[in-house]
Amino acid sequence: MAELKVLFTREQIAQRVAEMGEEITRDFAGQPVIFVAVLKGASVFLSDLARAVSLDATFDFIAVSSYGKNAQSSGEVKLIKDLDQSVQEKNVILVEDILDTGLTLSYLKKVLSAHQPRALKLATLLDKPSRRLQPVTADYTGFKIPDHFVVGYGMDYAERYRNLPEICILPPELC
């Protein structure tokens, strides 16, 4: 079986997430925020990011499907779960594990904008600009990465590897 190569260690991730939390705390000084995490991949990142923010914060979750059990996006994004609370006139931070083609986040920005938030910001742990098909830019980015399929820290391949504490490159022979 092929070895997974560590791209970012748990220490590197913790340091960068703490810095992102400080940025968000500064940008929304004294204002409440709602973190909207994209299930399932962003749940681990959300947990750590929220603890790094010194603001009144609540969570909500949204779920979409564009990969299924494949390593390549189908290009079609479907909403599986919408928000449980109103975000109208609230500060919303959309939390995603990876900004890749931009198709999912472009779609979600439209969906959330229709809810008329006061502010809508995007926080992504990983940005893979080489695969961008839609012009989406994150307001808060953890790391820019080359075109590798990555797993761990909540990210998966066919529901596997989410529990890894590091972010690892999945070799092509395992995809």
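Residues numbered from 1 in each chain as written. Predicted model: local features only at pLDDT ≥ 70, side-chain atom pairs only at ≥ 80, totals over all residues. Heavy atoms only, no water.

K.L.:
Outline the side chain of S106, supporting the account with residue identities and numerical values.
P.N.:
Within the secondary structure, S106 is located in helix α3 (residues 103–113). In this structure S106 touches Q134 and V136, once residues within four positions along its chain are discounted. (Helix = DSSP H or I, 4+ residues; strand = E, 2+ residues; numbered from the N terminus. Contact = heavy atoms within 4.5 Å.)

K.L.:
Account for the pattern of salt bridges, with residues named and values stated.
P.N.:
Summed over all chains, the structure comprises 13 salt bridges. A salt bridge links E19 to R16, with the shortest nitrogen-to-oxygen separation between them at 3.1 Å. Within this pair, E19 and its partner R16 are both found in helix α1 (residues 10–27), separated by 3 residues, close to a single helical turn. The class for E19 is partly exposed, based on a relative accessible area of 31%. Since its relative accessible area comes to 16%, R16 is described here as buried. A salt bridge links D127 to R132; the nearest nitrogen and oxygen atoms lie 2.5 Å apart. Overall, the relative accessible area of 22% leaves R132 in the partly exposed class. (Salt bridge = Lys/Arg side-chain N within 4 Å of Asp/Glu carboxyl O. Buried < 20%, exposed > 50% of the residue type's maximum accessible area, 1.4 Å probe, protein only.)

K.L.:
Which residues make up the packing of aromatic side chains, and what values do they have?
P.N.:
Per the stated rule, a full pass over the model turns up 3 aromatic pairs. Geometrically, the ring pair formed by F8 and F143 is stacked, given 3.9 Å between the ring centres and 20° between the ring planes. Linking F8 in strand β1 (residues 5–8) with F143 in strand β7 (residues 140–144), this pair joins segments that are 135 residues apart in sequence. Their ring planes at 90° and their centres at 5.9 Å tell us that F149 and Y157 sit as a pair that is edge-to-face. Exposure class is identical for F149 and Y157. Each is buried. (Phe/Tyr/Trp six-rings, centres within 6.5 Å; stacked < 30°, edge-to-face > 60°.)

K.L.:
I'd like a description of the environment of L94, backed by residues and values.
P.N.:
Relative to the helices and strands, L94 is located in strand β5 (residues 91–99). For L94, a relative accessible area of 1% corresponds to the buried category. The spacing of L94 and L108 is 14 residues in sequence and 8.5 Å in space, taken between C-alpha atoms. Contact partners of L94, with chain neighbours within four places excluded, come to V36, V38, L105, L108, L112, L120, K121, L122 and A123.

K.L.:
I'd like a description of α1, backed by residues and values.
P.N.:
For α1, spanning 18 residues, the distance from its first C-alpha to its last is 26 Å, which sits close to the expected 26 Å at 1.5 Å a residue. Within α1, burial applies to I13, R16, V17, M20, G21, I24 and T25. (Expected span 1.5 Å × (residues − 1).)

K.L.:
Can you explain unusual backbone geometry? Please cite residues and give values.
P.N.:
Between L39 and the following residue, K40, the backbone shows a cis peptide bond with an omega angle of 0°. Tracing the backbone through its elements, the reader meets K40 in the loop between β2 (33–39) and α2 (43–51). For E89, which is not glycine, the phi torsion reads 60° and is therefore positive. Turning to its location among the elements, E89 is positioned in the loop between β4 (78–81) and β5. Of note in this structure, A158 is not a glycine but carries a positive phi near 50°. Along the polypeptide, A158 turns up in the loop between β8 (150–151) and β9 (167–169).

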